[in-house]
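Chains, contacts and geometry: an overview
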Amino acid sequence: MAKIKPQALLLQSKKKKGPSRVSIPTIMLYGVIVAVMVFFLFATYRHWSRRSIIQTHDDLLTSEGENSFIEHKESDAPKYAFISTSKGSITVELYKDGSPDIVDEFVDFCQKGHFKGMQFNRVIKHFVIHGSKVDKLDATEDWTSRGKHYSRLDTSLKHEAFMLGTSKTKHEGGGFDLFITTAPIPDLNDKINVFGRVIKGEDIVQEIEEVDTDDHYRPKTPVRINEVTLKYNI
């Protein structure tokens, strides 16, 4: 067997142990693979991060919507009405709890502008002022006779003054009239649905009560309602 020279063995050993060179295309391929993996990880992170933010935002909107709905339901009906008249403004507290159906009907007529231009067509001193778009003399005679009768009754049986109500008898055309008492009236609920009371502007009610009227208790100088504004608080 031929002997290998020491110098040849050294060269052979270096060739076996030395690292092999990596080609440029291989390096580029690895780089592309690493870049794709990094991009995929970043895209995945961004997707789930945005989804979490959107979910949180939707939850907040849902919560705010529910809270807004609850607040709206709690204050569904206005608590006050501002009646602007040609003599001044009258503030009324509405009895939503005591007369919910009447208050709802009143609110509906207000929103339709029913009371704009309505006149107080009957003014009976020490009794009531009556606003309506229907002018019937027989109704006035009925209220006048009742007023004379009530003046002879015991005051302990009477309701308070400055109560707001509407007639239990529906007018033709689906109207809605208004009564404001100017003195205590007994058995008021027999003829009137009471749904509020005057809390400010009693002097305006009394001023309307003092206007000159004809034989049928109609004001000689028109007194009208300009508009009615609904409020949730004052």
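For the protein chain, an unreviewed UniProt entry supplies the name Peptidyl-prolyl cis-trans isomerase CYP21-3, mitochondrial-like and the organism Nicotiana tabacum.

Structural notes on the overall build of the protein chain
On a plain count of helices and strands, the protein chain comes out with five helices and eight strands. Along the protein chain, helices (α) and strands (β) appear in the sequence α-α-β-β-α-β-β-α-β-β-β-α-β when read from the amino end. The buried share of the protein chain, reckoned over its 234 residues, is 30%. The long-range fraction of contacts in the protein chain, counting pairs at least 24 apart against all pairs at least 6 apart in sequence, stands at 69%. Here the protein chain has roughly 16000 Å² of accessible surface; of this, 55% comes from carbon and sulfur atoms.

Re the nonpolar core
With 30 residues, the main nonpolar core has Ile-90, Phe-106, Phe-115 and Phe-195 as its most contacted residues. For this core, the secondary-structure elements that each account for two or more residues are strand E1 (80–85), strand E2 (88–94), helix H3 (100–111), strand E3 (119–124), strand E6 (178–181), strand E7 (192–200), helix H5 (202–209) and strand E8 (225–231). When residues in this core are grouped by element, the largest group, six residues, is from H3. Residue contacts for Phe-106: discarding those within four places in its chain leaves Ala-81, Leu-94, Phe-115, Phe-176, Leu-178, Phe-195, Val-228 and Leu-230. Core analysis: the second largest hydrophobic core is formed by eight residues, Val-128, Met-163, Ile-185 and Val-194 among them.

Thoughts on H5
Within the sequence span of H5, burial applies to Ile-204, Val-205, Ile-208 and Glu-209. On an axial view of H5, the arc spanned by its buried residues comes to 145°, and they lie on one face. Check the buried side of H5 and you find it contacts E1, E2, E3, strand E4 (128–132), E6 and E7.

Concerning the sheet that holds E1
Read from one edge of the open sheet, eight strands run E3-E4-E6-E5-E7-E2-E1-E8, paired in antiparallel fashion. The outermost strands of the open sheet, each flanked by one partner alone, are E3 and E8. The mean inter-strand angle of the sheet, taken between neighbouring strand axes irrespective of direction, is 30°. Direction of pairing for E2 relative to E7: antiparallel, over a ladder of four bridges. Looking at E7, one finds that Val-92 is bridged to Val-198. With respect to the sheet, H3 is in contact with E1, E2, strand E5 (163–167), E6, E7 and E8, its orientation differing from that of E8 by roughly 125°.

Considering the confidence of the model for the protein chain
Scored by pLDDT, the protein chain has a mean of 77; 66% of the residues are at 70 or more. A low-confidence stretch, residues 147–157 (pLDDT under 50), is modelled with 10 contacts involving residues beyond four sequence positions or located in other chains.

Structural notes on a nonpolar patch on the surface
Residues Leu-29, Tyr-30, Ile-33 and Met-37 make up a contiguous nonpolar surface patch of roughly 430 Å² in combined accessible area. With respect to the helices, strands and loops of the structure, Met-37 is situated in helix H2 (residues 24–74). Judged by its relative accessible area of 51%, Met-37 is exposed.

Looking at the pattern of salt bridges
One pass over the structure, following the stated rule, counts five salt bridges. The partner of Glu-210 in a salt bridge is Lys-125, and the shortest N-O contact between them spans 3.3 Å. Of this pair, Glu-210 sits in the loop between H5 and E8 while Lys-125 sits in the loop between E3 and E4, and the two are 85 residues apart along the sequence. Residue Asp-214 pairs with Arg-218 through a salt bridge whose shortest N-O separation is 3.2 Å. Asp-214 gets classed as partly exposed once you look at its relative accessible area, which sits at 27%. For Arg-218, a relative accessible area of 28% translates into the label partly exposed.

Analysis parameters
Residues numbered from 1 in each chain as written. Predicted model: local features only at pLDDT ≥ 70, side-chain atom pairs only at ≥ 80, totals over all residues. Heavy atoms only, no water. Helix = DSSP H or I, 4+ residues; strand = E, 2+ residues; numbered from the N terminus. Buried < 20%, exposed > 50% of the residue type's maximum accessible area, 1.4 Å probe, protein only. Contact = heavy atoms within 4.5 Å. Areas by Shrake-Rupley, 256 points an atom, 1.4 Å probe, with all protein chains shown as cover. Core = buried A, V, L, I, M, F, W, Y, C linked by side-chain atoms within 4.5 Å. Arc of directions from axis to C-beta. Pairing = 2+ DSSP bridges. Axes fitted to C-alpha atoms, helices over the stretch in contact; angles between N-to-C directions. pLDDT = per-residue confidence, 0-100. Patch = residues over 30% accessible without salt bridge, like charges linked within 9 Å, V, L, I, M, F, W, Y side chains within 5 Å. Salt bridge = Lys/Arg side-chain N within 4 Å of Asp/Glu carboxyl O.

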